[in-house]
Amino acid sequence: MLVMLLALLFFGSKAIPDIARTMGKGMREFKKATNEIKREFEDNTGDFKRDINEIKSTVRNETRKISQDIDQVSSKVKSETNKLTKEVEQVSNEVEEKTSEISQEVSELSPEPKSKTNKPSADKSTDSKE
């Protein structure tokens with residue numbers, strides 16, 4: 001109230017409506033400028049958001065493709081590893097069988113070792129009598 005009374009005394013009754021109109025126009029212009037700045041900001045930000053979303057989408061798709069490629073290669077490697085493991089086991093078994101067969105053949109062909117006993121031979125007994 002005090003402020004209004006001072007304004008009435010200072011400006012007079014005729015000037016107050018003009019001042020109020022001017023302040024209203026100024027506030028309207030300020031609000032209009034603020035809304036325009038907001039709209040410009042949203043428009044420019046919207047472009048950035050679209051660009052970022054496109055980049056995100058592209059990165060996701062490429063990552064998905066790479067992941068699928070890695071999975072395919074991994075499954076192929078596992079498959080080949082399993083095949084090689086089976087082949088190595090098969091060859092190992094064959095080598096063990098052949099080694100066993102060869103060992104048997106060698107043991108059958110080699111002369112049996114003479115057993116060492118303390119029996120005097122016939123030649124030694126005749127030598128001692130002479």
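This structure is a prediction, so every number in the text was calculated from the model and none was measured.

Criteria and cut-off values
- Residues numbered from 1 in each chain as written.
- Predicted model: local features only at pLDDT ≥ 70, side-chain atom pairs only at ≥ 80, totals over all residues.
- Heavy atoms only, no water.
- Helix = DSSP H or I, 4+ residues; strand = E, 2+ residues; numbered from the N terminus.
- Buried < 20%, exposed > 50% of the residue type's maximum accessible area, 1.4 Å probe, protein only.
- Patch = residues over 30% accessible without salt bridge, like charges linked within 9 Å, V, L, I, M, F, W, Y side chains within 5 Å.
- Areas by Shrake-Rupley, 256 points an atom, 1.4 Å probe, with all protein chains shown as cover.
- Salt bridge = Lys/Arg side-chain N within 4 Å of Asp/Glu carboxyl O.
- Lys, Arg positive; Asp, Glu negative; His and termini not counted.
- Charge placed at Lys NZ, Arg CZ, Asp CG, Glu CD.
- Axes fitted to C-alpha atoms, helices over the stretch in contact; angles between N-to-C directions.
- Parallel < 35°, antiparallel > 145°, perpendicular 65-115°, else oblique.
- Contact = heavy atoms within 4.5 Å.
- Nonpolar A, V, L, I, M, F, W, Y, C, P; charged D, E, K, R; others polar.
- pLDDT = per-residue confidence, 0-100.
- Polar contact = N/O pair within 3.5 Å; in protein donor to acceptor, adjacent residues only side chain to side chain.

K.L.:
What should I look at first to understand the overall build of the protein in this one?
P.N.:
Counting its secondary structure elements, the protein contains three helices and zero strands. Start at the N end of the protein and walk to the C end: the helices and strands fall as α-α-α. Sorting the 130 residues of the protein into buried and exposed places 1% on the buried side.

K.L.:
Just to check I follow, could you spell out a negative patch on the surface for this structure?
P.N.:
Negative charge collects at one region of the surface, where Glu36, Glu40, Glu42 and Asp43 lie side by side. Look at glutamate 42 and you get exposed, because its relative accessible area is 56%.

K.L.:
Explanation requested: the pattern of salt bridges in the structure shown.
P.N.:
Between side chains of opposite charge, pairing is possible as soon as their charged atoms come close. Evaluation of the coordinates by the stated rule reveals five salt bridges. Between arginine 50 and aspartate 47 there is a salt bridge, with its nearest N and O atoms 2.0 Å apart. Of this pair, arginine 50 and aspartate 47 both sit in helix α2 (residues 15-109), separated by three residues, roughly a single helical turn. Arginine 50 sits in the partly exposed class, given a relative accessible area of 48%. The class of aspartate 47 is partly exposed, set by a relative accessible area of 36%.

K.L.:
Would you mind showing me how to read helix α1 (residues 2-11) here?
P.N.:
In an α-helix there are 3.6 residues to a turn, and that puts residues three or four apart on one side. Judged by how many residues are buried, α1 sits mostly at the surface: zero of ten residues are covered. Looking one or two places after α1, you find glycine 12, whose phi comes out positive at around 95°.

K.L.:
Whenever I open this one, the packing of α1 against α2 confuses me. Can you help?
P.N.:
The angle between the axes and the distance between the axes are what describe a pair of packed helices. For the pair α1 and α2, interaxial distance at closest approach is 9 Å and the crossing angle is 115°. It follows from the interaxial angle that α1 and α2 lie roughly perpendicular. Contacts between α1 and α2 involve Ala7, Leu8 and Phe11 from the former and Ala15, Ile16 and Ile19 from the latter. In terms of residue class, the contact of α1 with α2 is made up of six nonpolar, no polar and no charged.

K.L.:
Explain the confidence of the model for the protein here, please?
P.N.:
When pLDDT drops low, the exact placement of atoms in the prediction is not to be read closely. Mean pLDDT over the protein stands at 83; residues scoring 70 or higher make up 85%. Highest mean pLDDT in the protein belongs to α2 (91); lowest belongs to helix α3 (residues 122-129) (47).

K.L.:
It is not clear to me how the environment of serine 75 should be interpreted in this structure. Could you clarify?
P.N.:
Within the element layout of this structure, serine 75 appears in helix α2. Looking at serine 75, its side chain comes within polar contact range of the main-chain oxygen of glutamine 72, at 2.8 Å.

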